[in-house]
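So the chains spell out like this:
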Amino acid sequence: MTSLKLLAGLLAATTLAGPAFALATPAQKTAAATGVDARAKLAADMVDQVFSFAEPGFQEVKTSEYLTAILEKNGFKVERGSAGIPTAFTATWSNGPGPKIALGSDIDGLLGLSQYPGVVDMKPMVEGAPGHGEGHNSGLPMMIVAALAAKDVMEKNGITGTLMLWPGVAEELLATKAYYVRAGMFKDVDASIFAHVGRDLGTGWGPAGNNGMVSVEYTFKGKTAHAAGQPWDGRSALDAVEIMNVAWNYRREHLPVTQRSHYVVTEGGGQPNIVPEKASVWYYFRENSFKRIRELYETGNRIAAAAAMATDTTVTQRTLGYAAPNYGNKPLAEAMYTNIKAVGLPTWSAADQGFAKAMQRANGVKEEPLTTRIAPLSTPDLRGVSMGGGSDDIGDIMWTVPTITIRYPSNIPNAIGHNRQSAIAMATPIAHKGVMVGAKVVAMTVLDLLTTPKIIADAKQWQKDVQFASDKYDPLLTPSDKPAIHLNTDIMGKMRPQLEKFYYDSSKYKSYLDQLGINYEDFAKVK
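Bear in mind the structure is a predicted one, so any value in this text is a computation, not a measurement. (Residues numbered from 1 in each chain as written. Predicted model: local features only at pLDDT ≥ 70, side-chain atom pairs only at ≥ 80, totals over all residues. Heavy atoms only, no water.)

**Student:** Got a sec to walk through unusual backbone geometry? Specific residues and values, please.
**Tutor:** If you check the backbone angles, A83 has positive phi at about 55° while not being a glycine. Here A83 shows up in the loop between β1 (77–80) and β2 (89–94). According to the relative accessible area criterion, A83 is partly exposed, its value standing at 23%. Residues other than glycine seldom take positive phi values, yet N414 does so here, at roughly 75°. Mapping N414 onto the fold places it in the loop between β12 (403–409) and α13 (429–451). Looking at N414, the relative accessible area reads 31%, which means it is partly exposed. (Helix = DSSP H or I, 4+ residues; strand = E, 2+ residues; numbered from the N terminus. Buried < 20%, exposed > 50% of the residue type's maximum accessible area, 1.4 Å probe, protein only.)

**Student:** Which residues make up helix α4 (residues 61–73), and what are the values?
**Tutor:** Over its 13 residues, α4 extends 18 Å from the first C-alpha to the last, a length consistent with the 18 Å expected when each residue adds 1.5 Å. Of the surrounding elements, those touching the buried residues of α4 are α3 (40–53), β1, β2, α5 (139–157) and β4 (162–168). G75 sits one or two positions beyond α4 and adopts a positive phi of about 90°. (Expected span 1.5 Å × (residues − 1). Contact = heavy atoms within 4.5 Å.)

**Student:** Describe the side chain of N210, with residues and values.
**Tutor:** If you trace the backbone, N210 turns up in the loop between β6 (206–207) and β7 (212–221). A polar side-chain atom of N210 sits 3.2 Å from a polar atom in the side chain of N326. The contacts of N210, once residues within four sequence positions are left out, are N288, P325, N326, G390, S391 and D392. (Polar contact = N/O pair within 3.5 Å; in protein donor to acceptor, adjacent residues only side chain to side chain.)

**Student:** Which residues make up the nonpolar core, and what values go with them?
**Tutor:** Grouped burial of nonpolar side chains is what soluble globular proteins tend to show. By size, the foremost hydrophobic cluster in this structure holds 166 residues, and its most contacted members are W166, F186, I193, F220 and V442. With 14 residues, the single largest contributor to this core is α13. Non-local contacts of F186, meaning those with residues more than four positions away in its chain, are made with A102, M164, W166, Y180, I397, T400 and V401. (Core = buried A, V, L, I, M, F, W, Y, C linked by side-chain atoms within 4.5 Å.)

**Student:** Break down the pattern of salt bridges for me, with residues and values.
**Tutor:** Scanning the entire structure with this criterion turns up 21 salt bridges. When salt bridges with common partners are traced through the structure, they connect D106, K177 and D393 into a single cluster. (Salt bridge = Lys/Arg side-chain N within 4 Å of Asp/Glu carboxyl O.)

**Student:** Which residues make up helix α8 (residues 290–311), and what values do they have?
**Tutor:** An ideal rise of 1.5 Å per residue puts 32 Å on 22 residues; α8 measures up with 32 Å between its terminal C-alpha atoms. For α8, the set of buried residues is F290, I293, L296, Y297, T299, G300, N301, I303, A304, A307, A308 and T311. Buried residues along α8 sit in contact with β7, α7 (237–251), β8 (260–267), β9 (278–287) and β10 (314–323). Residue D312 follows α8 closely and has a positive phi angle near 55°.

Take a look at the structure:
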């Protein structure tokens, strides 16, 4: 969108807002959008660089180092190791007393989803390595660009307030944000904006319809014996794991249809002729309210205890993560949606649309063009009744301070989530363009929050009167629970040396596709 079209849209939005709702001026918002445009190369470089690091949960070492260095260079004060998590941080910049706005997004990749960007077929860069099959390489770069653009306008116009950027570490493990809240990271935050990659540009309010979750590992202890010579002297921990899993699967029929539960056996013994002394199973229990999450968790605990009794073993458990159900703030969402309509969607090129079509054809998913229509403001009425589903631990922050999530169009319609398909576009012009429009919306919304106290006051009141009246924050964390920072250590010890060969070098190449020798413009020929 050109500056003139954007200014016209902003003038119209300001007129509709009315005198009682004095938003940031159109000139200030246009300046923020111009500041985002001026950082197009920085945005693309950050998106591509983080993609190339391909670091899974708790191992986002290079990602964290790289992004914090950019923030420090731009005047932000960085505090590392937030909530006892080595790759977590907060980065703050203040222009004097005023509202404190938190901007965050996730940074972790997924195990086993290594994939060449810009290649429409399944082609891992490193076989078996992690990759960004959820697009988490794009969100925090988007937020950084938005914050820098807003910071420029704040300094020039004397707008006071504080910006705080933070990363979602190990979101795919749903393992950190409840610890952030417990550590008080958001105790003095007035409003929070979170970003998640999508196929459209939008936001919403109210219960999101997804499930909250508790992540629990059960470890059974028994006694070894010769599995053939004297098995009667052994007590198999693996038998206990298997009995628990069978019992849980029988129980599913008698659980609410909104629940989702799944498990993996993380330890099952050493070799077949030794009765396993130790075995572990890791469960995700998901439900749509705090009460039901707790009930599901307690059911799992009882089944684990019964399996231990049945096998004459013992069982211990540890919580590896927790995620509250998501609940977006209505006043914040409505303020942001005004800016979404003003900014609009990217202008997609023939290569962008051809690439999306080629990816969909190659992977047997429904062909659908990159979106050219703004999504409606998502409300409970539009979403309808939820039957449960996935989780996102931004919910814990949503139950702490007024929070909304912006979806930005950096991926291809109908690509399967948590799959290599969702990595294919994430270091291409599609990802870069989606990040740019998202950054403009966020920068403008930040300015609205800083210049219009009524929005934040309304957001806090709505959270108290509506959200908190619907449920009560009840995380299943005990004082002794600690972040599971050991996870993924071994696999990255093996994979990092191979991944290093593919790190993006922005000093030599104009883009990651350029470094990989991929001619993206050839996709303009796809019909």
